[in-house]
Amino acid sequence: MAPPAFVPALAVRSSHPHVSLRNSSSRPASRAHAARTARTAPRMVVSPPKQTVHQDTSPMTLTRYMIQSAMDNTDLEHMQDMQSLMSSIQLACKKISSLVQRAGISNLTGLEDGGGSVNVQGEEQKKLDVLSNEVLKNALRYSGKMGIIASEEEDEPVVVDEVYSGNYVAVFDPLDGSSNIDAGIATGTIFGIFVQNTGCLASDWESKIDESELTCLYNTMQPGSNLVAAGYCMYSSSCMMVLTTGHGVNGFTLDPQIGEFVLTHPDMKIPERGNIYSFNEANEPAWDPILQKYVQNLKTGQGQTNQRYSSRYIGSLVADVHRTILYGGVFGYPGDAKNPNGKLRLLYECAPMSFIVEQAGGIATTGKDRIMDIIPNAVHQRMPLIIGSKDDVQELVDMYAAAEE
Ligand SMILES: O=P(O)(O)OC[C@H]1O[C@](O)(COP(=O)(O)O)[C@@H](O)[C@@H]1O
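- The chain carries the name fructose-bisphosphatase in an unreviewed UniProt entry, which gives Chondrus crispus as its organism.
- Taken directly from UniProt, the Cofactor (unreviewed entry) text for the chain runs: "Mg(2+)".
- Turning to the chain, the UniProt record has this under Subunit (unreviewed entry): "Homotetramer."

Next up, the structure:
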């Protein structure tokens, strides 16, 4: 039955619960009326959407990806070993990710021993620096593939005990950007894998250290170009593992629902040119004039693109380079008058990140030399790093070269 034509409010008692009588002054009536309506009104039943949500029944997890890579590339040396190595490394990163996420809840923020614990580089160790180091060290030890492990948090390279020993060398920074950890800002784990060398070191070492130390050091001090795999795991709004075994770069996101890294960024390629520069500009006054000019050009649009660049700096190498790979541009931690070799460590920060960025089509340099060609002369040696989009980094390299002519 159609609602009656509009007649003065009070006279009508409509049988349609949704017809509201405006300006009705009979308050008690309307409250009782409302109650009745509610009791009789048909209940709002939200029916589930007809179409079923697509459930990916065979996600390309990192584990599956490594198995498939090993099966598809039997000719590729090391792929079998990389498969089991990556299962150990991803387990460690999942564990570190949960420790980082719960740091505030489980009293894991702050300094180890209240600031009393300092690593060989004189840096105060965070509780999570020490814990992440143990987690990754153990995961690598029990992979049965490692012969030697070198970490930012270990004074010297560590020889893995006989029982578990293998033929690979792992170099890593267990928790990069840990100065940001207490503020919940992005941090990461960086790792690189070498094969143990069979050759021998230059003679002058012999007099200084014993045989096992000699072998240990020799196997650790390898140029980035010897890396057989490298990757980083970023702990941020999402947890991402980015990896190369020398055949391109792939990104995997940790799916908390299944606790697995799932392939989300296949075949990552860094844009040839970006519009973001990322440096700690507080150090700018101590930079060399070429670099000062280069960054000034990017700021003012007087560079090769005549475009003004924007600035981003998180202060975590992993996060700043990850953004640079996705969006393009340039990240740098250069040497300066204060720290001629900058701050970042060649073996377990610069070299692995350079392998990844080169595999994604970018460039990694000191400004003058290719990072991947440099043979370390110490485990914790620092090296200036300029890394990012090919054209952006080449622009600076050309400026240095021109200044030398
Ligand atoms: O605070 P600064 O001098 O800009 O240095 C930031 C850089 O230092 C680092 O935090 C060094 O790494 P660690 O935290 O592993 O020591 C990088 O992640 C980052 O790029």
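That shown, we press on.
Details of the domain arrangement of the chain
Thought 1: Under the domain assignment, the chain is made up of domain 1 (62-265) and domain 2 (276-404).
Thought 2: For domain 1 versus domain 2, the separation of C-alpha centres amounts to 23 Å.
Thought 3: In this complex, domain 1 contributes 49 residues to the contact, which on the side of domain 2 involves 30 residues.
Thought 4: When domain 1 packs against domain 2, the two sides together hide about 2800 Å² of surface, and 68% of this comes from carbon and sulfur.
Thought 5: When the buried area of domain 1 at its contact with domain 2 is split by residue, Ile 190, Met 221 and Tyr 232 rank highest and sum to 21% of it.
Thought 6: Summed over the shared surface of domain 1 and domain 2, the number is two salt bridges.
Thought 7: Here Glu 123 ties to Arg 345 by a salt bridge, and the two come within 3.2 Å at their closest N and O atoms.
Thought 8: One can count 17 residue pairs in polar contact (both at pLDDT 80 or more) joining domain 1 with domain 2.
Thought 9: Per-element accounting of the side of domain 1 that touches domain 2 gives the leading share, seven residues, to strand E4 (residues 187-195).
Thought 10: In terms of residue class, the side of domain 1 that touches domain 2 is made up of 23 nonpolar, 20 polar and six charged.

Some points on a nonpolar patch on the surface
Thought 1: The grouping of Tyr 142, Val 163 and Tyr 164 at the surface amounts to a nonpolar patch, some 340 Å² of accessible area in total.
Thought 2: Following the sequence through the fold, Val 163 ends up in the loop between strand E2 (158-159) and strand E3 (168-176).

Focus: the pattern of salt bridges
Thought 1: According to the stated counting rule, one finds 18 salt bridges in the structure shown.
Thought 2: Linking Lys 137 and Glu 154 is a salt bridge whose minimum nitrogen-to-oxygen distance equals 2.8 Å. Here Glu 154 lies in the loop between strand E1 (146-151) and E2 and Lys 137 lies in helix H4 (residues 127-141), a separation of 17 residues in the sequence. For the pair shown, Lys 137 and Glu 154 are each scored as buried.
Thought 3: For the salt bridge of Glu 152 with Arg 345, the shortest nitrogen-to-oxygen distance reads 3.6 Å. Linking Glu 152 in the loop between E1 and E2 with Arg 345 in the loop between strand E11 (330-333) and helix H8 (346-359), this pair joins segments that are 193 residues apart in sequence.
Thought 4: Arg 345 gets classed as buried once you look at its relative accessible area, which sits at 3%.
Thought 5: Where salt bridges share partners, they join Glu 123, Glu 152, Arg 345 and Glu 349 into one cluster.

Rules behind the numbers
- Residues numbered from 1 in each chain as written.
- Predicted model: local features only at pLDDT ≥ 70, side-chain atom pairs only at ≥ 80, totals over all residues.
- Heavy atoms only, no water.
- UniProt positions renumbered as here; feature names shortened; annotations may be inferred.
- Domains from an automatic or database assignment.
- Contact = heavy atoms within 4.5 Å.
- Buried area = accessible area lost by both parts, 1.4 Å probe.
- Salt bridge = Lys/Arg side-chain N within 4 Å of Asp/Glu carboxyl O.
- Polar contact = N/O pair within 3.5 Å; in protein donor to acceptor, adjacent residues only side chain to side chain.
- Helix = DSSP H or I, 4+ residues; strand = E, 2+ residues; numbered from the N terminus.
- Nonpolar A, V, L, I, M, F, W, Y, C, P; charged D, E, K, R; others polar.
- Patch = residues over 30% accessible without salt bridge, like charges linked within 9 Å, V, L, I, M, F, W, Y side chains within 5 Å.
- Areas by Shrake-Rupley, 256 points an atom, 1.4 Å probe, with all protein chains shown as cover.
- Buried < 20%, exposed > 50% of the residue type's maximum accessible area, 1.4 Å probe, protein only.

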